[in-house]
Amino acid sequence: MFIFDFDKEFYNFTRPIRDMQPYEIVRQENKAIIVHNALGISKDDISVTVEKVRNADYLIISGDTKNEITNKTYSVNSRFSINADEIKGIEWYVKDGLVIVEIEFKKPEKPKIEIKYKE
């Protein structure tokens with residue numbers, strides 16, 4: 001029987017997103033991008049939804065996939081508080097084991113206040 005021995009001295013795996021904080025939020029002018037770790041989860045098993053819980057709006061990323069080789073289930077279940085009234089639209093996709101959620105905000109309206117010169 002052939003035995004594999006894992007070389008701990010050689011091992012190096014670096015990710016900018018640590019598992020204890022499995023996400024990063026990148027803010028742009030009228031957009032926020034959530035980059036969330038979803039390693040091991042199939043894109044077909046991931047769900048991105050907006051739900052209201054006790055008068056608060058949440059963006060929820062969830063899903064799980066059972067790996068046929070290891071017989072382990074990999075899962076994600078995260079939520080982010082949002083103000084749904086300020087959001088114009090949400091698009092998401094999966095790339096390289098990461099869920100990318102792009103949130104576009106409504107452009108703030110300029111107040112329509114009449115200003116007159118008084119003589």
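Structural notes, computed from the coordinates. (Residues numbered from 1 in each chain as written. Predicted model: local features only at pLDDT ≥ 70, side-chain atom pairs only at ≥ 80, totals over all residues. Heavy atoms only, no water.)

Quick notes on the pairing of strand E6 (residues 87-95)
Part 1 of the argument: In the sheet, E6 pairs with strand E7 (residues 98-105) via eight bridges, with the strands oriented antiparallel. Note on E7: the bridge partner recorded for Ile 90 is Ile 103.
Part 2 of the argument: Where E6 hands over to E7, the hairpin turn is made up of two residues, of which Asp 96 adopts a positive phi near 55°. (Pairing = 2+ DSSP bridges. Helix = DSSP H or I, 4+ residues; strand = E, 2+ residues; numbered from the N terminus.)

What about the nonpolar core?
Part 1 of the argument: If you look at the biggest cluster of nonpolar residues, it comprises 14 residues, and the most contacted ones within it are Ile 34, Ile 46, Val 48, Leu 59, Ile 61, Val 99 and Val 101.
Part 2 of the argument: Of all the secondary structure elements, the ones that give two or more residues to this core are strand E3 (46-53), strand E4 (56-66), strand E5 (73-82) and E7.
Part 3 of the argument: Not counting the four nearest positions on each side in its chain, Val 99 is found in contact with Ile 34, Val 35, His 36, Ala 38, Ile 46, Val 48, Ile 61, Trp 92, Tyr 93 and Val 94. (Core = buried A, V, L, I, M, F, W, Y, C linked by side-chain atoms within 4.5 Å. Buried < 20%, exposed > 50% of the residue type's maximum accessible area, 1.4 Å probe, protein only. Contact = heavy atoms within 4.5 Å.)

Notes on the pattern of salt bridges
Part 1 of the argument: With the rule as written, the count across this model stands at five salt bridges.
Part 2 of the argument: Put simply, Lys 31 and Glu 102 hold a salt bridge, and the shortest N to O gap is 3.6 Å. Here the residue Lys 31 occupies a position in strand E2 (residues 31-37), and Glu 102 occupies one in strand E7, the gap between them amounting to 71 residues.
Part 3 of the argument: Residue Glu 102 is classed as buried on the basis of its relative accessible area, which comes to 18%.
Part 4 of the argument: A salt bridge links Glu 114 to Lys 116, with the shortest nitrogen-to-oxygen separation between them at 3.2 Å. (Salt bridge = Lys/Arg side-chain N within 4 Å of Asp/Glu carboxyl O.)

Remarks on unusual backbone geometry
Part 1 of the argument: The backbone of Arg 54 shows a phi angle near 45°, a positive value even though the residue is not glycine.
Part 2 of the argument: With respect to the helices and strands, Arg 54 occurs in the loop between E3 and E4.
Part 3 of the argument: Non-glycine residue Asn 55 carries a positive phi angle of around 65°.
Part 4 of the argument: If you trace the backbone, Asn 55 turns up in the loop between E3 and E4.
Part 5 of the argument: Since its relative accessible area comes to 74%, Asn 55 is described here as exposed.

Overview of the environment of Lys 116
Part 1 of the argument: Within the secondary structure layout, Lys 116 lies in the segment after E7.
Part 2 of the argument: Given the relative accessible area of 65%, Lys 116 is considered exposed.
Part 3 of the argument: Within the structure, Lys 116 has its side chain in polar contact with the side chain of Glu 114 (distance 3.2 Å). (Polar contact = N/O pair within 3.5 Å; in protein donor to acceptor, adjacent residues only side chain to side chain.)

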